[in-house]
Amino acid sequence: MPYIPLEDHLPGITGLLEYSKETAQPIRELTQILLRGPSTLTEGERELIATVVSYRNQCKFCATAHTAAADILLGEKETAEKVKQNIDTAPVSNKMKALLTIASQVQVSGKTVTAEAIQKAKSEGATDLEIHDTVLIAALFCLYNRYVDGLATVTPDAPEFYQGLGERLKQHGYNRLPQGYDHLKK
Amino acid sequence: MPHINLGNDLPGMRGLMAFSPATAEPMNLLAEILLRSNDGLTPTERELIGTHVSYLNDCFFCQHAHAAIACHYLNSDKELVDDVRENPAAANISNKLKALLNIAALVQNGGKYVTPEAVAKAKQEGATDKDIHDTVLIAAMFCMANRYVDGLGAITPTDLSTYPPRAKQVAENGYGNHIFSAKQPTAQ
């Protein structure tokens, strides 16, 4: 049960963003820029970064939601599953492997990021901006994962819930729906 | 030296925000709401939470930058700020703030480390739901900021006398893109 009163029909992060709309607005905006804004990384690649970090933070809600978003954007379910299990052997480019490795270091802490990991990403063609965005996306999900689990929000079990959330993230990105979320009430 | 070419020599978070002003804007807005609000927790208490989490994350720039802001609010009571930064349980602060700093420390470890007992303790000491929400989100925000700063190897001044002038700028003008676009304050 959540530590603070959240609406029953809004599990995980969704209830927190409605509980505190004032802080939700810049959090949504930052996420929209990083995961959906103009970038040389695809939306699917950026969702993979979010997925790997959430998975390693053992945040089931976020890991499952962003796996669903990545699966929908990539059009297959194999890649997201494999990057969670092993970055080095996953079916992604060498550049993505290097960026996901940096993200996995950021998940541990900022100081864990090594010059070698940065160098490897650069030698595989990653730009300074791609490295910047990777570090900030990984850091942002260290915020989200702590926010979601630190307040003990509800984690649904039903796969259909995450499929629906993933579709919403593809359709609307991270912006608040103009009509709100009352239509989700059962 | 930073891991990427930032195109500026500003310290810590400021250099990163100058490199990426588009993401800096919502980050500063979030900091302004969470750290400058007087609704429930005071700005001083909010900065102390950020300072302690940054200390636990071993982020030199952030812990000293936010300690200096807290110190500014506390009329230069550096001893109290240092006590809270390193060991809040023994510091001369309210039991409520101690209980909230304990929650913040658990969040620093990971969201799942927060226990119902730690939350119950804070409520028993008078913390409201909003205080608990804000504490968790402030701690989580610093887990982002500390990783951003150290993960990109941002420039970290080791001369502690350079922190108070920048702290005064934030204390007087709040968080916003002015912290990197305006002339950098230096000691008198």
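Residues numbered from 1 in each chain as written. Chains lettered and ligands numbered in written order. Predicted model: local features only at pLDDT ≥ 70, side-chain atom pairs only at ≥ 80, totals over all residues. Heavy atoms only, no water.

A. Seen up close, the overall build of chain B. Helix and strand counts for chain B come out as ten helices and zero strands. Relative to the 2.2 N^0.38 estimate, which gives 16 Å for 188 residues, the radius of gyration of chain B is 16 Å and therefore close to what a compact globule would have. Principal axes of the C-alpha set define a box for chain B whose edges measure 50 × 35 × 25 Å. For chain B, the residues scored as buried account for 60% of the 188 residues in total. Contacts in chain B between residues at least 24 apart in sequence constitute 67% of all its contacts with a sequence separation of at least 6. (Helix = DSSP H or I, 4+ residues; strand = E, 2+ residues; numbered from the N terminus. Rg over C-alpha atoms; globule rule 2.2 N^0.38 Å. Buried < 20%, exposed > 50% of the residue type's maximum accessible area, 1.4 Å probe, protein only. Contact = heavy atoms within 4.5 Å.)

B. Summary view of unusual backbone geometry. Residue and element names in this part refer to chain B. In this model, D58 sits at a positive phi of 60 degrees, which is unusual for a non-glycine residue. By the element assignment, D58 lies in the loop between α3 (43-56) and α4 (60-73). Even without being a glycine, S76 presents a positive backbone phi close to 65 degrees. Within the secondary structure layout, S76 lies in the loop between α4 and α5 (78-86). Under the relative-accessibility criterion, S76 is labelled exposed at 59%.

C. Summary view of the environment of D82 of chain B. Residues and elements named next belong to chain B. Looking at where D82 falls in the secondary structure, it is placed in helix α5. In sequence terms D82 and N173 are 91 residues apart; their C-alpha atoms lie 24 Å from each other. A polar contact is formed between the side chain of D82 and the side chain of K78, at a distance of 2.8 Å. (Polar contact = N/O pair within 3.5 Å; in protein donor to acceptor, adjacent residues only side chain to side chain.)

D. Seen up close, empty space enclosed by the protein. Under the criterion given, the structure shown has two cavities of 30 Å³ or more. Here the largest cavity is characterised by a volume of approximately 340 Å³. Considering the residues around the largest cavity, the lining is formed by 23 residues, among which M13, F61, H66, Y175 and I179 of chain B are closest to the centre. Those elements giving two or more residues to the lining of the largest cavity turn out to be α1 (12-19), α2 (21-36), α4, α8 (129-151) and α9 (163-173) of chain B. In this model, the second largest cavity occupies a volume close to 290 Å³. The set of elements that each furnish at least two residues to the lining of the second largest cavity consists of α1 (12-19), α4 (60-74), α8 (128-150) and α9 (159-172) of chain A. Grouping the constituent residues of the lining of the second largest cavity by class yields 13 nonpolar, five polar and three charged. (1 Å grid on protein atoms, 1.4 Å probe; cavity = no way out; pocket = protein on both sides within 12 Å on 5 of 7 lines; lining within 4 Å. Points joined across faces, edges and corners; volume = space filled by probe spheres on them. Nonpolar A, V, L, I, M, F, W, Y, C, P; charged D, E, K, R; others polar.)

E. Structural context of the environment of D128 of chain A. Residue position: D128 of chain A is located in helix α8. Assessed through its relative accessible area of 23%, D128 of chain A is described here as partly exposed. Taking the C-alpha atoms as reference points, D128 of chain A and I118 of chain A, ten residues apart in sequence, are found 9.5 Å from one another. Once you skip the residues sitting within four places of it in the chain, D128 of chain A turns out to touch K122 of chain A together with I4, N5 and F19 of chain B. For D128 of chain A, the side chain forms a polar contact with the main-chain nitrogen of N5 of chain B, separated by 2.9 Å.

F. Here's a closer look at the interface of chain B and chain A. Residue-level contacts link 41 residues of chain B with 40 residues of chain A. Around 3,500 Å² of area is buried between chain B and chain A when both sides are counted, 72% of it from carbon and sulfur atoms. Of all residues in chain B, H3, H133 and R147 of chain B bury the most surface against chain A, accounting for 19% of the area lost on that side. In this structure, the connection of chain B to chain A is made through two salt bridges. Between K111 of chain A and D58 of chain B there is a salt bridge, and its shortest N-O distance comes to 4.0 Å. Between the two partners, chain B and chain A, sit 14 residue pairs in polar contact (both at pLDDT 80 or more). Ranked by the residues each element gives to the side of chain B that touches chain A, the list is headed by α8 of chain B, at 14 residues. (Buried area = accessible area lost by both parts, 1.4 Å probe. Salt bridge = Lys/Arg side-chain N within 4 Å of Asp/Glu carboxyl O.)

G. Spatial organisation of α9 of chain A. Helix length check: α9 of chain A (14 residues) gives 20 Å between terminal C-alpha atoms against 20 Å at 1.5 Å per residue, within 8%. Positive phi appears at G173 of chain A, one or two residues downstream of α9 of chain A, with a value of about 65 degrees. (Expected span 1.5 Å × (residues − 1).)

H. Just the pattern of salt bridges, in detail. Residues and elements named next belong to chain B. The tally for this structure, following the rule as stated, stands at 23 salt bridges over all chains. As a salt-bridge pair, K121 and E125 come within 2.9 Å of each other at their nearest N and O atoms. Its relative accessible area of 39% is what places K121 among the partly exposed residues. Look at E125 and you get partly exposed, because its relative accessible area is 25%.

I. Quick look at the packing of aromatic side chains. Residue and element names in this part refer to chain A. Under the defined criterion, the tally for this structure stands at five aromatic pairs over all chains. Plain terms: the ring middles of F141 and Y144 are 5.1 Å apart, the flat faces sit at 40 degrees to each other, and that makes the pair tilted. On the criterion of helical spacing, the pair formed by F141 and Y144 is a turn pair, its members being three residues apart in helix α8. Accessibility expressed as a relative area gives 0% for F141, which makes it buried. (Phe/Tyr/Trp six-rings, centres within 6.5 Å; stacked < 30°, edge-to-face > 60°.)

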